[in-house]
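Given next are the chains, with one letter for each unit.
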Amino acid sequence: MNVNATHKLNLRCNTGRLGEMIETRKRRKPKCLEECAVREEAKLEESAADACHEESPVKDVSEQTSAEEISLRAEEVTPNGKNDTGIKGTKWKPALHQWAKVFFGSWAAIASGMLYAVYLSTFHERKFWFSSKQELEREISFQADSGLYYYYYKKMLQATSIQEGFFELTHDNKTLSLRTLNSVQQISLYPEVFTGILYRITGSGEAIEPVYFYIGIIFGLQAVYVTALYVTSWMLSGTWMAGMLTVVWYIINRTDTTRVEHTVPLRENWALPYFALQVGALTGYLKTNINSTMEMFSYLLMCASAFAFIMIWEISHYVLFVQAFSLFLLDCLDLIPSHKVTEVYRMYLVCLALGYFTQFRNSALLASPLLSFICGSHLAKYIQQNLKKGHLVARLMKLLLHFYLVFTISIILNLVIKKILPQEENELILKFFEAKFDLNTTRDFSTNLLLCQETFQTPSQEFFIRLTQTCLLPFCMSVMLICLLSTLEVVAKKFRNVPQKSDGVPDIVVIGERPEVAYHMLHIVLFGSLALMFQGLKYLWTPYACMFAAFGVCSPELWMTVFKWLRLRTVPPLLLALVLSTAVPTIIAFSIWKDFFPDVMSELSELQEFYDSDTVELMNWIKRQTPTAAVFAGSMQLMGTVKLCTGRTVTTHPLYSDKDMRKRTEEIYQVYSRRSAEDIYMILVSYKADYVIIEEGICNDMGPVKGCRVKDLVDVANGHILHNEDDSDTNYAFSLYGRFCHEIELDYSPYINYFTRVYWNRSYRVYRINTLISFQYR
């Protein structure tokens, strides 16, 4: 009896000890091990019950060992929890450390943007010497279409009131002869309108000159641009070191990231900062561990920045279409919550509707592929239910059918809209793409002029060499490849319905499981593909390549994904990932800064000077010797400068955005063709031109790219064989006349009957168009 009593007492003590162990473990276990702890607790309780039932001794040592193993597993999990670095573990982190990280990271972001704006301002001053030049010389530095944008800003300030200034811009009959323009709609002048209003209502006229205020606003937006890229990279990687590396790469590769240093008022310099804000807000909105407050803030910021982007840049809806297509692919592959994609699409629709009405019923927004694609996607999803259910083959078949439905509906809807609302540029776009991809040949002047512009050329080899020398291209391609393979791995598991592990072992969240990372991977792939075809689109790709590459090398999660594939066992993967995600970006930043920082500083210290004496003399002569109501004809770029510096009416300008402007441009460029003096005279008189300016640089252009010179383009459009070219094409013929710009210089009849030379210098010749023709023969 004593033995049995003692045995029962021992059982009670052992059972009590097991209960204490269970309670202790409950207090210590992390959240990610909750299911494992429940199972272990059930096992321990079952063992205790069996011991009491069978009156057998309890194995204290084995049970204590099992509890210690679970405790050690919990302690091995990183204290960062399941945050942006992707490890499922405890969420414990000292609040002070977290606030310090946010504080210093935020200050670094703001400081990076401000320092970049200061750099731009200093570089601009060193190059153009604004502070020591007169107003005319400053205005000439705004070349081509940049000058026309600044002209409308200046016109907004010269009006007696804001209302009058806005009315003059929307009813502009002093820019082009024989035509009244709504310049705000056709040339996207909202930046100049709002900048002019801001300058007036803030009373800045007493503190800063208008030109400094104008370029200062643009440089400030570039600071926002850099800061947005910084924050986006920080959100993706979880460390602000990625943001610093992003800024370093952006500045070092500034030749391929921005054109603001050389052409300040371009629309892209106004619009791309808002697009960067929209992409950053979308990144935050797609995150899975975001709270409701930050999710709402991200959504509102995304709406506001997308609307501003649409209002500023005429091609913005094409850019957003590529973004919408990225989200569509993510939704189809079940990598992103469908309700979030629906909300983003709703945001697109609201922005397009607001843009349509605020841009004076701009039909281009209704005919945009973005609107048709969103409607087609919603309609196809309504028709096709249970897209993400079923086994592998069934899901693949459903997916293919869904793609077919979406694109068929979208194309049909877009064609119907364009039939109802005919767009003049549709024919030009079709001809352009046919000629670009060698599907057809064309003699159309406007199409060939676009094809010859550097923006629409394929990137040169030097572009890839520059990115490789700064290490951006190798790291970006490596990060993109890792994310792509990880995403494909996740998609394969989802389509094969592979269940999640349930053995209680803390699992690593691979990089491809995060929706925001998958989106940026597609963003890089799609815009990179477009940049390979059109050089101008590299400014949409390279800044995000800087951000994406910096995120990759600074992300412990990406390193852990690689180590998981390599099955690294010799070194703790988590420790090695943390070390590499800190050491690698530090080494990259310092090595790049060491090699390229001297060049950056030398550019700031180097004194440059932009002074075009011939153009200055021409503008002064026009202002002094010609009537205020005189109409001038000439090349697009020069007419933009004439309009800005003299205010005279012109026959064409650089922003040829409609069919009439393209026709004007082609006809005015006939002064460089092989046509008779009478033909040229009749063309100029039809536009009420009083003077025509011939540029020696165009007339005697001996550029290396044959076929892309202006005189070559007009010869092709007129069906004339190019000079000294053996062309057997029967569609081309020799002209009976010499080149007009050469023949008129000889001052013989009939040219002197129609035109009288009134001014010339090394670069320009100005001819007055005679109203009374007296035929003289020489």
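We now turn to the structure provided with this report.

Definitions and limits used
All residue numbers refer to position in the chain's written sequence, counted from 1. Thresholds applied to this predicted model are a pLDDT of at least 70 for local features of residues and 80 or more for the giving and counting of side-chain atom pairs; totals over whole chains, interfaces and linings are not thresholded and use all residues. Side-chain calculation: all heavy atoms of the structure are included, whereas hydrogens and water are not. Every helix listed is a DSSP run of H or I at least four residues long, and every strand listed is a run of E at least two residues long, numbered separately from the N terminus. Note on contacts: a residue pair is in contact if any heavy atoms of the two residues lie within 4.5 Å. Using a 1.4 Å probe, accessible areas were evaluated by the Shrake-Rupley method; residue-level cover was limited to the displayed protein chains. A pair of aromatic rings is counted whenever rings of Phe, Tyr or Trp (Trp by its six-membered ring) have centres within 6.5 Å, and the orientation is called stacked for planes under 30 degrees apart, edge-to-face for over 60 and tilted otherwise. Whether a residue is buried, partly exposed or exposed follows from its accessible area with a 1.4 Å probe, protein chains only, as a fraction of its type maximum: under 20%, in between, or over 50%, in that order. Put simply, a charge is over a ring when the Lys NZ or the Arg CZ is close to the ring centre, within 6 Å, and near the line of the ring normal, within 35 degrees. Between any two strands, at least two bridges found by DSSP are needed for them to pair. To get an axis, fit a line to the C-alpha atoms, keeping to the stretch in contact for a helix; angles then go from 0 to 180 degrees between the N-to-C directions. Residue types Ala, Val, Leu, Ile, Met, Phe, Trp, Tyr and Cys, when buried and joined through side-chain atoms within 4.5 Å, form a set referred to as a nonpolar core. Asp and Glu are treated as the negative residues and Lys and Arg as the positive ones, with His and the ends of the chain left uncounted. For salt bridges, the criterion is a side-chain nitrogen of Lys or Arg within 4 Å of an Asp or Glu carboxyl oxygen. Under this definition, polar contacts are N or O atom pairs within 3.5 Å; protein pairs additionally need one hydrogen-donor-capable and one acceptor-capable atom, and for neighbouring residues in sequence, both atoms have to be side-chain atoms. Counting rule for disulfides: a pair of cysteine sulfur atoms within 2.5 Å.

A few points about the overall build of the protein chain
In terms of regular secondary structure, the protein chain is built from 35 helices and 5 strands. Summarising the internal contacts of the protein chain: among those between residues at least 6 apart in sequence, 72% fall at separations of at least 24. Carbon and sulfur atoms provide 61% of the accessible area of the protein chain, an area that totals close to 37,200 Å².

Digging into the packing of aromatic side chains
A full pass over the atoms with the stated rule returns 53 aromatic pairs. Here Phe142 and Tyr150 contribute two aromatic rings whose centre-to-centre distance is 4.7 Å and whose plane-to-plane angle is 15°, an arrangement assigned as stacked. For Phe142, a relative accessible area of 3% translates into the label buried. Measuring from centroid to centroid gives 5.6 Å for Tyr150 and Tyr153, while their planes differ by 45°, and the two rings are tilted. Of this pair, Tyr150 and Tyr153 both sit in helix α6 (residues 145-158), 3 residues apart, roughly one helical turn. The exposure classification of Tyr150 matches that of Tyr153, with both residues buried. Members of the aromatic cluster, connected to one another through ring pairs, are Phe321, Phe325, Phe328, Phe373, Phe403 and Phe407. In this structure, Lys340 packs its charged tip against the face of Tyr285, placed 5.3 Å from the ring centre.

With respect to the sheet that holds strand β3 (residues 691-695)
Strand order in the open sheet formed by 5 strands is β2-β1-β3-β5-β4, and the pairing between neighbours is mixed. Each edge of the open sheet carries a strand with a single partner, namely β2 (649-650) and β4 (755-760). Inspection of the sheet shows β3 paired to strand β5 (residues 764-769) by 5 bridges, in the antiparallel sense. Each bridged residue has a counterpart across the sheet, and for Glu695 the counterpart in β5 is Tyr764. Those strands touched by helix α31 (residues 677-686) are β1 (631-633), β3, β4 and β5, and its axis lies near 75° from that of β4.

Describing the nonpolar core
Membership of the largest hydrophobic core comes to 202 residues, with the highest contact counts inside it found for Leu327, Tyr348, Trp541, Ile693 and Phe755. Here the element with the most residues in this core is helix α10 (residues 210-237); it accounts for 14 residues.

Some points on the side chain of Arg648
If you trace the backbone, Arg648 turns up in the loop between α29 (636-646) and β2. Notably, Arg648 is buried but unbridged: the nearest opposite-charge side chain belongs to Asp690, and the N-O separation is 8.8 Å. A polar atom in the side chain of Arg648 sits 3.0 Å from the backbone oxygen of Pro627. Dropping the residues within four chain positions of it, Arg648 is found in contact with Ile622, Lys623, Thr626, Pro627, Thr628, Ala630, Phe632, Val642 and Lys643.

Digging into helix α33 (residues 710-718)
With respect to burial, α33 is a largely interior element, 7 of its 9 residues being buried. Every buried residue of α33 is listed here: Val710, Lys711, Asp712, Leu713, Val714, Asp715 and Val716. Against α21 (445-452) and α32 (696-699) lie the buried residues of α33. Once α33 finishes, Gly719 follows within two positions and takes phi at roughly 80°, a positive value.

Observations concerning the state of the cysteines
Enumeration according to the criterion identifies 2 disulfides in this entry. Linked covalently through their sulfurs, Cys452 and Cys708 form a disulfide whose S-S length is 2.1 Å. On the S-S bond that ties Cys452 to Cys708, the torsion sits near -80°, and the link is left-handed. In this pair, Cys452 is assigned in helix α21 and Cys708 in the loop between α32 and α33, connecting sequence segments 256 residues apart. The class of Cys452 is partly exposed, set by a relative accessible area of 23%. Looking at Cys708, the relative accessible area reads 29%, which means it is partly exposed. Each sulfur in the disulfide pair Cys699 and Cys741 lies 2.1 Å from the other. Across the disulfide from Cys699 to Cys741, rotation about the S-S bond amounts to roughly 85°, and the bridge is consequently right-handed. Here Cys699 is found in helix α32, whereas its partner Cys741 is found in helix α34 (residues 740-743), with 42 residues between them in sequence. Each member of the pair, Cys699 together with Cys741, is buried. In the protein chain, the bonded cysteines, taken in the order they occur along the sequence, pair up as 1-3, 2-4.

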